[in-house]
Amino acid sequence: MVENQTSSSEQYLIKPKVFEKKYSFIQSLENGWGCYQPKGTILAIKITPDHLSKLGGTDIMKFEAPWKELTVLRVGDYLVTPPEKDEIYRIAQKEFGETYEEN
């Protein structure tokens, strides 16, 4: 289980091989938790009203995330993919700003 250190403390599951590929160990924490840092970069696009309109949406659009759950995409959210472009997912605007730095 991964818990992001953002104001919403979102939690999600990552397969062990994927986790090892994407995160580097920083330090041990209490109760079996550890602090890890993401490896590498991501590609991201901030969604505008024009993007949603071109995709057939209005204020929101729904799509199936790689983990097979319905995801709601809103204006201001980000569509994100790793450099390998082997998956695409949504990150809410607030959590994106708390987690990533622009280069």
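Keep in mind the model is a prediction, meaning the values are calculated, not measured.

Focus: the environment of Lys54
Thinking step 1. Mapping Lys54 onto the fold places it in helix H2 (residues 49-54).
Thinking step 2. The class of Lys54 is exposed, set by a relative accessible area of 67%.

So, the nonpolar core
Thinking step 1. In terms of nonpolar packing, the biggest core is built from six residues, these being Ile47, Leu52, Met61, Phe63, Leu73 and Leu79.
Thinking step 2. Here Ile47 is in contact with Leu52, Leu73, Arg74, Val75, Gly76, Asp77 and Leu79, once residues within four sequence places are set aside.
Thinking step 3. One finds Val80, Tyr89, Ile91 and Phe96 within the second-largest nonpolar core, a separate group that totals five residues.

Thoughts on the sheet that holds strand E5 (residues 43-46)
Thinking step 1. With respect to topology, three strands assemble into an open sheet ordered E5-E8-E9, the strand pairing being antiparallel. Two strands bound the open sheet, and with one partner strand each, they are E5 and strand E9 (89-91). Averaged over all adjacent pairs, the angle separating strand axes in this sheet is 30 degrees, with direction ignored.
Thinking step 2. Looking at chain direction, strand E8 (residues 78-81) and E9 are connected through three bridges and run antiparallel.

The rules we used
Residues numbered from 1 in each chain as written. Predicted model: local features only at pLDDT ≥ 70, side-chain atom pairs only at ≥ 80, totals over all residues. Heavy atoms only, no water. Helix = DSSP H or I, 4+ residues; strand = E, 2+ residues; numbered from the N terminus. Buried < 20%, exposed > 50% of the residue type's maximum accessible area, 1.4 Å probe, protein only. Core = buried A, V, L, I, M, F, W, Y, C linked by side-chain atoms within 4.5 Å. Contact = heavy atoms within 4.5 Å. Pairing = 2+ DSSP bridges. Axes fitted to C-alpha atoms, helices over the stretch in contact; angles between N-to-C directions.

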